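For reference, the chains in residue letters:
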Amino acid sequence: MESNETYLVLDRKRQTEQLIKLDSSGKYSQVFQHGISDISGIIYHPVTDKPLGAYLHPDLPDEHFFDEGDGFAAFFRGLKKAFEGYRISFTSFTEDGSMGILKVHGDRLPGDYFVVNMQTKKVDFLLSSAEWLDPSRLNPMRADAFTTEDGLRIGVYLTFPAGQTEKLPMVVVPHGGPHARDYWGYDRQAQILSQNGYLVLQVNFRGSTGYGDHFFRWTAPMGGLIQRDIANAVHWAVEKGYADRKRICIFGGSFGGYSALMNPIRYPDLYQCAVGYVGVYDLEMMYRKGDIQRRDRGISYLTRELSENEDFLRENSPLYNTDKLDLPMFIVHGEQDERVPVEHAEALLDKLEEDGKPVKTLIVSNEGHGFYSEENNRRLYTQLLDFLDENIGIGAAEKRE
């Protein structure tokens, strides 16, 4: 890259990210901006390090080249065609740019790595990150979108059981954050659930990252518009004929665990069961316990994202709305969780017991904000599948009637 050029990614209000080029005089020109997606990464020339293109993720992953880079862009397109149906990205190059490491990944492939000779264009397999998985036996993830009543485009991902697309029992899996997002790619939970007969719906509701500043800012209150987006996605899947409206469960972790209970509170007729995993159930408690309030600017973050108004916090907390939770529930938490302390689950379980509402629980002593050991994950997913089978599995609707 020439010394008088500087490239910057700008985050502009009410827009997606822009890549601009700044010259030595301080003047800049826009190089690239996508209409839906932020820039998820920059593609560099292997020798000069000059930016040639951008990685994008509007729904399905994509790339845009604004500079052919002496044939590198054409070579990249050829590689992409050779690995059609997957996403490719270079992770690194040798100092002289003669060799590179290429990652190939997708909805049925966590990641295979190849050594690429940039001079001879020869590609040799290096290693697999999950050689025990057979892509032919995994289920593809479909990308789609719908538009809300207020004109916002919401992206969704659907993972169907093999050979089935209609009137399926569905598990809605809202992501954490809320400032995070789901991506098209290999998803362990989506595979586990779909392999066992469930349609999996993932929703990039407002407040998700990757869709521009205007989309990211649409968050408050967390118990309001975000929850409406999730509910609208469920209605959309039912109207499309994908999901059986009598067999729908919601399962999420962290903020997704909050949504797993808050959505049935806001939309009590939508779900037949709910699973909260390391979830936030008392917004007031976020100011007193956990590592967010101990961090620099943690309180200001909570004030901006949540509010300090006690009535508001209680109105938008599952703990103070348990009277609206009239469905089977499963609460999962780790006792060592510092992000969302186990006291959230304990307070909720105590309140549900007071209300006389039965709830299934899995509280694990040696786990934190998410389970990591193989043994505990086996316990989690075995009990989760049993819970789902009992409430929305084959014959569950008939049993209730």
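Everything that follows concerns the structure shown earlier in this document.
Residues numbered from 1 in each chain as written. Predicted model: local features only at pLDDT ≥ 70, side-chain atom pairs only at ≥ 80, totals over all residues. Heavy atoms only, no water.

Asker: What am I meant to see in the nonpolar core here?
Answerer: Here is a general trend for soluble globular proteins: nonpolar side chains tend to be buried in one another's company. Membership of the largest hydrophobic core comes to 49 residues, with the highest contact counts inside it found for Met170, Val172, Leu199, Leu201, Val234 and Tyr271. Taken together, the elements giving at least two residues each to this core come down to strand S12 (153–159), strand S13 (168–172), strand S14 (199–204), helix H4 (225–239), strand S15 (243–253), helix H5 (255–266), strand S17 (329–334) and helix H8 (343–354). Here the element with the most residues in this core is H4; it accounts for seven residues. When sequence neighbours within four positions are dropped, the list of residues in contact with leucine 199 reads Leu158, Thr159, Phe160, Pro161, Leu168, Pro169, Met170, Val171, Tyr242 and Ala243. (Core = buried A, V, L, I, M, F, W, Y, C linked by side-chain atoms within 4.5 Å. Buried < 20%, exposed > 50% of the residue type's maximum accessible area, 1.4 Å probe, protein only. Helix = DSSP H or I, 4+ residues; strand = E, 2+ residues; numbered from the N terminus. Contact = heavy atoms within 4.5 Å.)

Asker: Mind showing me how you'd approach the sheet that holds S17 here?
Answerer: Strand pairing within a sheet occurs via backbone hydrogen bonds; the two strands may be parallel or antiparallel. Spatial ordering of the open sheet is given by S11-S12-S14-S13-S15-S16-S17-S18, a layout of eight strands whose pairing is mixed. Two strands close off the open sheet at either side, each with one partner strand: strand S11 (141–147) and strand S18 (360–364). On average, each strand axis in the sheet is tilted by 20° relative to the strand beside it, whichever way the strands run. Docked against the sheet, helix H2 (residues 188–195) engages S12, S13, S14, S15 and strand S16 (273–277), running at close to 150° with respect to S14. (Pairing = 2+ DSSP bridges. Axes fitted to C-alpha atoms, helices over the stretch in contact; angles between N-to-C directions.)

Asker: How do you make sense of the packing of aromatic side chains when you look at a structure like this?
Answerer: A ring pair, where both rings are aromatic, is described by two values, the distance of the centres and the angle of the planes. Counted according to the given criterion, the structure contains 18 aromatic pairs. Plain terms: the ring middles of tyrosine 277 and phenylalanine 371 are 5.5 Å apart, the flat faces sit at 90° to each other, and that makes the pair edge-to-face. In this pair, tyrosine 277 is assigned in strand S16 and phenylalanine 371 in the loop between S18 and helix H9 (374–392), connecting sequence segments 94 residues apart. One aromatic cluster is present, formed by Tyr55, Phe65, Phe72, Phe76, Phe90 and Phe93 through successive ring pairs. In this arrangement the basic side chain of lysine 121 is found over the ring face of phenylalanine 75, its NZ or CZ atom lying 4.5 Å from the centre. A cation over a ring is seen here: arginine 181 above tyrosine 183, with NZ or CZ 4.3 Å from the ring centre. (Phe/Tyr/Trp six-rings, centres within 6.5 Å; stacked < 30°, edge-to-face > 60°. Lys NZ or Arg CZ within 6 Å of the ring centre and 35° of its normal.)

Asker: Just to check I follow, could you spell out H5 for this structure?
Answerer: Note on helix geometry: an α-helix contains 3.6 residues per turn, so any two residues three or four positions apart are oriented the same way. With twelve residues, H5 should reach 16 Å at 1.5 Å per residue; the first-to-last C-alpha distance of 16 Å fits that figure. The element H5 is extensively covered by neighbouring structure, given that eleven of its twelve residues are classed as buried. Of the residues making up H5, those classed as buried are Phe255, Gly256, Gly257, Tyr258, Ser259, Ala260, Leu261, Met262, Asn263, Pro264 and Ile265. Packing partners of the buried residues in H5 comprise H4, S15, S16, helix H7 (310–315), S17 and H8. (Expected span 1.5 Å × (residues − 1).)

Asker: I tried to follow the side chain of threonine 322 on my own but got confused; where do I start?
Answerer: The topology assignment puts threonine 322 in the loop between H7 and S17. A residue is classified by how much of its surface remains accessible, and threonine 322, at 1% relative accessible area, is buried. Setting aside chain neighbours within four positions, we find threonine 322 in contact with Leu348, Lys351, Leu352, Asp355 and Lys357.

Asker: I keep staring at the sheet that holds strand S2 (residues 18–22) and nothing clicks. Help me out?
Answerer: Taken in spatial order, the three strands make up an open sheet running S1-S2-S3, and their pairing is antiparallel. Two strands in the sheet have a free side with no partner beyond their single neighbour: strand S1 (6–10) and strand S3 (28–33). Within this sheet the neighbouring strands show an average axis-to-axis angle of 30°, counted without direction. In the sheet, S2 pairs with S3 via five bridges, with the strands oriented antiparallel. Along S3, the bridge assignment pairs leucine 22 with tyrosine 28.

Asker: Teacher, can you tell me more about the packing of H2 against H9 here?
Answerer: Helix packing geometry: the angle between the two helix axes and the distance between the axes. Packing of H2 against H9 brings their axes to within 11 Å, and their N-to-C directions diverge by 45°. In terms of orientation, H2 and H9 fall into the oblique class. H9 is crossed by H2, and the crossing has right-handed handedness. Counted together, Arg188, Gln189, Ile192 and Leu193 of H2 and Asn377, Tyr381, Leu384, Leu385 and Leu388 of H9 form the full contact between these two elements. Partitioning the contact of H2 with H9 into residue classes produces six nonpolar, two polar and one charged. (Parallel < 35°, antiparallel > 145°, perpendicular 65-115°, else oblique. Left-handed = near helix turned anticlockwise from the far one by under 90°. Nonpolar A, V, L, I, M, F, W, Y, C, P; charged D, E, K, R; others polar.)

Note that every value here comes from positions in space, so none of it alone points to a role or purpose.
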